[in-house]
Amino acid sequence: MTSLFRGLVYCFSVLALEVCETYSSRVGGEEAERILSQSYAQRRAPGRQRAPQNVPTAERTLSPQGTGGTCINRPLDLVFIIDSSRSVRPVEFEKVKIFLADMVDTLDIAPDATRVAVVNYASTVNIEFLLKTYPNKATMKQALLRIEPLAAGTMTGLAIKTAMEQAFTEETGARLRDQKISKVAIIVTDGRPQDQVQEVSAAARASGIEIYAVGVDRADIQSLRLMASEPLDDHVFYVETYGVIEKLTSKFRETLCGLTSCALGHDCDHICVNNNSLYYCRCREGFVLNEDMKTCSKQSLDSCALGHDCEHICVNNNSDYYCRCREGFVLNEDMKTCSKQSLDSCALGHDCEHICVDNNSDYYCRCREGFVLNEDMKTCSKQSLDSCALGHDCEHICVDNNGDYYCRCWEGFVLNEDMKTCSKQSLDSCALGHDCEHICVDNNGDYYCRCREGFVLNEDMKTCSKQSLDSCALGHDCDHICVNNNSLYYCRCREGFVLNEDMKTCSKQSLDSCALGHDCEHICVDNNGDYYCRCRERFVLNEDMRTCSKQSVDACALGHDCDHICVNSNASYYCRCQEGFVLNEDMKTCSRLDPCTLGHDCEHICVNNDDSYSCKCRRGFILNEDMRTCSKKKEVRAEVTVDPCKCEAQLAFQRATLSSIRELSGRHILSALSHIPR
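These figures come from a predicted structure and were not determined experimentally.

**Q** Help me out: how do you make sense of the packing of aromatic side chains in this one?
**A** Any aromatic ring pair is given by two values, namely how distant the centres are and how the planes are angled relative to each other. With the rule as written, the count across this model stands at six aromatic pairs. Measuring from centroid to centroid gives 5.6 Å for Tyr212 and Phe252, while their planes differ by 80 degrees, and the two rings are edge-to-face. Note that Tyr212 is positioned in strand 5 (residues 209-216) and Phe252 in helix 9 (residues 249-257), a separation of 40 residues in sequence. A connected cluster of aromatic rings, assembled from ring pairs, spans Phe99, Tyr212, Phe237 and Phe252. One cation-aromatic arrangement involves Arg368 over Phe371; the distance from NZ or CZ to the ring centre is 5.9 Å. Just above the ring of Phe497 sits the side chain of Arg494; from NZ or CZ to the centre is 6.0 Å.

**Q** What is the right way to read the UniProt feature "domain: EGF-like" (unreviewed entry) in the protein chain from this model?
**A** Under the UniProt annotation, the feature "domain: EGF-like" (unreviewed entry) is placed at residues 592-631. Segment residues 592-631 splits into 0% helix and 40% strand. End C-alpha atoms: 32 Å apart.

**Q** What is the right way to look at the sheet that holds strand 1 (residues 76-83) in this model?
**A** Strands pair in a sheet through their backbones, by hydrogen bonds, and they do so in one of two ways: parallel or antiparallel. Taken in spatial order, the six strands line up as 3-2-1-4-5-6 in an open sheet, and their pairing is mixed. Of all the strands in the sheet, the pair left with one neighbour each is strand 3 (125-129) and strand 6 (236-239). Within this sheet the neighbouring strands show an average axis-to-axis angle of 20 degrees, counted without direction. Examined bridge by bridge, strand 5 and strand 6 share four bridges and lie parallel to one another. Directly across from Ala213, in strand 6, lies its bridge partner Val236.

**Q** Sorry, what's going on with the pattern of salt bridges here?
**A** Oppositely charged side chains are able to pair whenever their charged atoms sit close together. The final tally for this structure, using the stated rule, is 18 salt bridges. The partner of Asp220 in a salt bridge is Arg192, and the shortest N-O contact between them spans 3.4 Å. Within this pair, whereas Asp220 is found in the loop between strand 5 and helix 7 (221-227), its partner Arg192 is found in the loop between strand 4 (182-189) and helix 6 (198-206), the two being separated by 28 residues in sequence. Exposure remark for Asp220: the relative accessible area of 15% places this residue in the buried category. Among the residues examined, Arg192 registers a relative accessible area of 56% and is labelled exposed. Overlapping salt bridges bring together Asp77, Arg175 and Lys183 as one network.

**Q** Sorry if this is basic, but what is going on with the environment of Ser297 here?
**A** Take Ser297: it is sitting in strand 10 (residues 296-298). Through-space distance from the C-alpha of Ser297 to that of Phe287 is 5.4 Å; in sequence the pair is ten residues apart. Looking at Ser297, its side chain comes within polar contact range of the side chain of Asn290, at 2.6 Å.

**Q** Explain the packing of helix 3 (residues 90-106) against helix 4 (residues 137-145) to me, please; I cannot follow it from the model alone.
**A** Each pair of packed helices can be summarised by the angle the axes make with each other and by the distance between the axes. Where helix 3 contacts helix 4, the axes come no closer than 10 Å and their chain directions differ by 170 degrees. Viewed along their axes, helix 3 and helix 4 adopt a mutual orientation that is roughly antiparallel. Counted together, Lys97, Leu100, Ala101, Val104 and Asp105 of helix 3 and Lys137, Met140, Lys141, Leu144 and Leu145 of helix 4 form the full contact between these two elements. When grouped by side-chain class, the residues that make up the contact of helix 3 with helix 4 number six nonpolar, no polar and four charged.

**Q** Explain the nonpolar core here, please?
**A** One recurring pattern in soluble globular proteins: nonpolar side chains tend to sit buried together. Phe80, Ile186, Ile245 and Phe252 are the most contacted members of the largest nonpolar core, which has 36 residues in total. Secondary-structure elements contributing two or more residues to this core are strand 1, helix 3, strand 2 (115-121), helix 4, strand 4, strand 5, strand 6 and helix 9. When residues in this core are grouped by element, the largest group, seven residues, is from helix 3. If you look at the next biggest cluster of nonpolar residues, it comprises 27 residues, including Ala117, Val119, Ile211 and Ala228.

**Q** Explanation requested: the side chain of Asp77 in the structure shown.
**A** You can see Asp77 is positioned in strand 1. Its relative accessible area of 0% is what places Asp77 among the buried residues. Once you skip the residues sitting within four places of it in the chain, Asp77 turns out to touch Arg115, Leu131, Phe168, Gly173, Ala174, Arg175, Ile181, Ser182, Lys183 and Val184.

**Q** I'm lost on helix 3 in this one. Help?
**A** Because an α-helix completes one turn every 3.6 residues, residues spaced three or four positions apart along the sequence face the same direction. Look at helix 3: 25 Å from first C-alpha to last across 17 residues, which is about the 24 Å you get at 1.5 Å a residue. Of all the positions in helix 3, only Glu92, Phe93, Val96, Lys97, Phe99, Leu100, Ala101, Met103, Val104 and Thr106 are classed as buried.

**Q** Even after reading the chapter, I still don't get the state of the cysteines, so can you show me in this structure?
**A** Cysteine pairs can be linked by a disulfide, which is a covalent bond between their two sulfur atoms. Counting across every chain of the model gives 26 disulfides. Each disulfide pairs two cysteine sulfurs, and for Cys394 the partner residue is Cys407, the sulfurs being separated by 1.8 Å. Across the S-S bond linking Cys394 and Cys407, the dihedral sits near -75 degrees, which makes this disulfide left-handed. With Cys394 in the loop between strand 18 (380-382) and strand 19 (397-401) and Cys407 in strand 20 (residues 404-408), this residue pair connects regions lying 13 residues apart in the sequence. Both residues of the pair, Cys394 and Cys407, belong to the buried class.

**Q** For this particular structure, what's the right way to read the environment of Arg89?
**A** Mapped onto the elements of the fold, Arg89 is located in the loop between strand 1 and helix 3. For Arg89, a relative accessible area of 46% translates into the label partly exposed. Each C-alpha atom of the pair Arg89 and Ala151 lies 8.8 Å from the other, and the pair is 62 residues apart in sequence.

**Q** Any chance you could explain the packing of helix 5 (residues 156-167) against helix 6 here in plain terms?
**A** Between helix 5 and helix 6, the shortest axis-to-axis distance is 9 Å and the interhelical angle comes to 25 degrees. When the axis of helix 5 is compared with that of helix 6, the two are roughly parallel. Handedness of the helix 5/helix 6 crossing: left-handed. Touching Gly157, Ile160, Lys161 and Met164 of helix 5 are Val200, Ser201, Ala203 and Ala204, all from helix 6. Among the residues forming the contact of helix 5 with helix 6, the class breakdown is five nonpolar, two polar and one charged.

**Q** In this structure, what is going on with a negative patch on the surface? I would like to understand it.
**A** On the surface, a cluster of negative charge is contributed by Asp112, Glu353, Glu375 and Asp376. Structurally, Glu375 can be placed in the loop between strand 17 (371-373) and strand 18.

**Q** Help me out: how do you make sense of unusual backbone geometry in this one?
**A** Outside of glycine, negative phi angles account for most residues, and trans bonds account for most peptide bonds. Residue Pro231 is reached from Glu230 by a cis peptide bond, and omega for that bond is -5 degrees. Along the chain, Pro231 turns up in the loop between helix 7 and helix 8 (232-235). One non-glycine residue, Met627, adopts positive backbone phi at about 60 degrees. Look at Met627 and you get partly exposed, because its relative accessible area is 47%.

Reading guide: rules and limits
- Going along each chain's sequence as written, the residues are numbered from 1 onward.
- Local features in this predicted model are restricted to residues whose pLDDT is 70 or higher, and side-chain atom pairs enter the listing and the counts only when it is 80 or higher, whereas totals over whole chains, interfaces and linings include all residues.
- Derived side-chain values reflect all non-hydrogen atoms in the structure, with water molecules and hydrogen atoms excluded from consideration.
- Geometry of aromatic contacts follows a simple scheme: Phe, Tyr and Trp rings, the Trp one being its six-membered ring, pair when their centres are within 6.5 Å, and the pair is stacked under 30 degrees between planes, edge-to-face over 60, tilted otherwise.
- Secondary structure is summarised from DSSP: a helix means a run of H or I of at least four residues, a strand means a run of E of at least two, and numbering begins at the N terminus for each.
- For a lysine, the NZ atom is tested; for an arginine, the CZ atom; a charge sits over a ring if that atom is within 6 Å of the ring centre and within 35 degrees of the ring normal.
- UniProt positions are given in the numbering used here, feature names are shortened, and annotations may be inferred rather than shown by experiment.
- Here the rule is simple: two strands pair whenever DSSP picks up at least two bridges between them.
- Lines fitted to C-alpha atoms define the axes, with helix axes restricted to the stretch in contact, and inter-axis angles between N-to-C directions lie between 0 and 180 degrees.
- One speaks of a salt bridge when a side-chain nitrogen belonging to Lys or Arg is within 4 Å of a carboxyl oxygen belonging to Asp or Glu.
- Residue exposure (1.4 Å probe, protein chains only): buried if accessible area is under 20% of the type maximum, exposed if over 50%, otherwise partly exposed.
- Definition of a polar contact: a pair of N or O atoms within 3.5 Å, with one able to donate and the other able to accept a hydrogen when the atoms are protein atoms, and with sequence-neighbouring residues admitted only if both atoms are side-chain atoms.
- Angles below 35 degrees are treated as roughly parallel, those above 145 as roughly antiparallel, those between 65 and 115 as roughly perpendicular, and all remaining angles as oblique.
- Any pair of residues with heavy atoms lying within 4.5 Å of one another is described as a contacting pair.
- Residue classes follow a fixed rule: Ala, Val, Leu, Ile, Met, Phe, Trp, Tyr, Cys and Pro count as nonpolar, while Asp, Glu, Lys and Arg count as charged, and any other residue, Gly among them, counts as polar.
- Definition used in this section: a nonpolar core is a set of buried Ala, Val, Leu, Ile, Met, Phe, Trp, Tyr and Cys residues joined via side-chain atoms within 4.5 Å.
- Between the first and last residue of a helix there are one fewer steps than residues, each counted as 1.5 Å, and that sum is the expected span.
- In this description, the term disulfide denotes a pair of cysteine sulfurs within 2.5 Å.
- Should the near helix be turned counterclockwise from the far one by less than a right angle, the crossing is left-handed, whereas a clockwise turn marks it as right-handed.
- What makes a patch is a set of residues exposed beyond 30% relative accessible area and free of salt bridges, joined within 9 Å when like-charged and within 5 Å when nonpolar (Val, Leu, Ile, Met, Phe, Trp, Tyr).
- Note on areas: Shrake-Rupley with a 1.4 Å probe; residue coverage comes only from the protein chains shown.
- When charges are counted, neither His nor the chain ends are considered; positive counts come from Lys and Arg and negative counts from Asp and Glu.
- Charge positions come from single atoms, namely NZ of Lys, CZ of Arg, CG of Asp or CD of Glu.

Encoded structure:
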């Protein structure tokens, strides 16, 4: 009986502990997440963190919901250096990739704005993509999804050195020094470096790279401080877990793009959201925004979900709702429908250098006569030769481009495929948040999910499973070609045939193949039952023979003064030297490299040998077999061994020879004397 009673007490204790822990995680989780997301700099200098009026200090978190719009103030050459060593678990590495994707979303990604590269490291270093690889956010975020961890070691110093020497170079996409584009590296690591970081970080900073160091969990704070730029309080961050690393997104946005309107102070009860130069308030999940558009109340019943008659937006108000309009519209007197807003947007304030032109609820800038609008669409420059002034067919904005022109659209519009007309830009529903496992596809204010190649979409229309079945192999009734399509199939015809209405059989093609449908980006040309693609003027056909790219000017072909190699750079060029030469100060001519001055391993003397070098030793030394080091020359003395027998024989021979010589000499002398006349 006693054992039974003890068992019951133990079970009730465990149950009570689980209930307490659940309640604690629900009630305190949000507060804990805010505390964990604070940077190392905030912890070291709490006096510098200034909370806005009427907002508790605990609300000054690094919430990604406050990131606002895209960063457009400061072009960067930005390289992420991410630790994927064995200590970073797969689920944690996915959090790092989400953080990178959030950072990309906040930046203005474009060849003439911010360029991004990613360096992945463990015991080895892998450059996932370069600064010049992806010119837009969509392709860059797809590339981030494909990054895999390297799993072993933490060679942070090697990663910094690789980034400095290979990722921040002009050949890989970094801008020229005279363009004065900031070079920024953000290092994310959870461990202690296994190599030296102090000297290589100092060299990187000396080359003009600004370094931010983000430590997670077990990261060594002292190593972070050795890597980061000054002031350290602004360049060193720390979070307790990878689960809250994305909270740093808004902090980096403030740092890289300048202060946001929320950072300057706000009176939102819960969340402040940046909206260009303004801000608006939002509530945390489970709360609704009150009529003052600042404070929040606990949400009890979603009256909008029960049905509403708002034309644009339904807003819950406790157990009731009211209607709001999308940006650029005003609510009509019936408090349900919306009309286009007709306020003079220029009168509300603008940043045009010359002339502000009202465009319904928006505005755009124009320049006075004799000036042209710069690429920032705000300032104006003196007009030299404006190809736009000579005539153009752009619907919105014509941009002069050195004797040529291209078209751009006002803010809120996108350029159509004809590269001339503009359409109203719809919101990217994927960017607002989605639950797709693989790929989110925007669909005019809504979105749907797709899977990567080799996967099929599950019935929940969100998650993906590995594709295994070949539906064509299981049997088909196609006349010509069966094409596997996930777990289904469809039929296609061989070249010169078209698919009949039964979608199975094929007939000989005689009609205009372009009229039957094509995938040419610009122009489809019928070619006797087949077709090929062409591009409009000033465009060239890409290798896929379908899409078109803007034709760039070959500045080198127009003439150059480079000694060795001319390299095209947009509408200009720069000079490079062949291998073994260096560019002189005039940036045009080249001089041969002295291999000895570049560094050698000779112990005594380095001898320049055109493209290479050889080693020599000083007098009294000889070169060792490694052809690098020298050893003292040794004196060689020959040892003479005397054989007494041989000496006696040689002396006897010499005596006989001398005796013969004397005898012959005497005979000759007597013969000579006998012939002398008396």
